[in-house]
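Single-letter residue listing:
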Amino acid sequence: LSGARNTGIAHATGDIIAFMDEDAVAAPNWLETLLRAYQEPTVMGVGGQIIPQWQTAKPAWFPAEFNWVVGCTYLGMPETHAPVRNLIGCNMSFRREVFSLVGTFRLDVGRIGTLPVGCEETELCIRVHQRLSEAVLIYDPQAKVHHNVPQARANWRYFFSRCYSEGISKAQISQTIGA
């Protein structure tokens, strides 16, 4: 995933580079909404709300606090335009200059193949904060994408596997950039 994003960065020509998962659909005003926050020069990245689109009924046991497990906005995220520590990969954008100042997505962090690890965008966002002291990352819930959640992710096995893998991902990050 990091390699795909870095390839996109290398080929993009704009001053703002936006990312969205291949199985997501953006609201008609998605880009316009993301771009509004960039009027402030300290804003280095903007992300938005990711709404799960379950292929089957959402499991009754699945709490909204764990929507991150399926790559979506979870209960506890800001309800209005607000600064955040990190953006979620399915719906995020950055100023192009971020990548020249802090580097691109690390190839040794995050999803490689089908192992459900992650955090490559978290690691990048932490580097932004560490190296650019004035940098602000904004979450704007009005910048919406709808993210497909396949039936294969609507079970305890996937839930457990993804949560366990998130722990592995966080451990990798803490080893490289600190707790």
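Residues numbered from 1 in each chain as written. Predicted model: local features only at pLDDT ≥ 70, side-chain atom pairs only at ≥ 80, totals over all residues. Heavy atoms only, no water.

Caption draft 1: Spotlight on the overall build of the chain. Across its full length, the chain carries 5 helices and 6 strands. Counting from the amino terminus, the chain carries its helices and strands in the arrangement α-β-β-α-β-β-β-α-α-β-α. Taken over C-alpha atoms, the radius of gyration comes to 16 Å for the chain, in line with the 16 Å a tight globule of 179 residues would show. Structurally, the chain occupies a C-alpha span of about 45 × 40 × 30 Å along its principal axes. The 179 residues of the chain split such that 45% are buried. In the structure as shown, the chain presents an accessible area of about 9,200 Å², 56% of it carried by carbon and sulfur atoms. Here the chain contributes 15 positively and 16 negatively charged side chains, and the mean placements of these two sets differ by 5 Å. (Helix = DSSP H or I, 4+ residues; strand = E, 2+ residues; numbered from the N terminus. Rg over C-alpha atoms; globule rule 2.2 N^0.38 Å. Buried < 20%, exposed > 50% of the residue type's maximum accessible area, 1.4 Å probe, protein only. Areas by Shrake-Rupley, 256 points an atom, 1.4 Å probe, with all protein chains shown as cover. Lys, Arg positive; Asp, Glu negative; His and termini not counted. Charge placed at Lys NZ, Arg CZ, Asp CG, Glu CD.)

Caption draft 2: Structural context of the layout of surface pockets. Of the pockets and cavities examined, the largest pocket occupies roughly 800 Å³. Along the wall of the largest pocket there are 35 residues; nearest its centre are Gly71, Ile88, Gly89, Glu121 and Arg162. Breaking the lining of the largest pocket down by element, the ones donating at least two residues are helix H1 (2-11), strand E1 (16-20), helix H4 (120-131) and helix H5 (156-177). Sorting elements by how many residues they give to the lining of the largest pocket places H5 first, with 4 residues. A per-class count over the lining of the largest pocket returns 17 nonpolar, 6 polar and 12 charged. (1 Å grid on protein atoms, 1.4 Å probe; cavity = no way out; pocket = protein on both sides within 12 Å on 5 of 7 lines; lining within 4 Å. Points joined across faces, edges and corners; volume = space filled by probe spheres on them. Nonpolar A, V, L, I, M, F, W, Y, C, P; charged D, E, K, R; others polar.)

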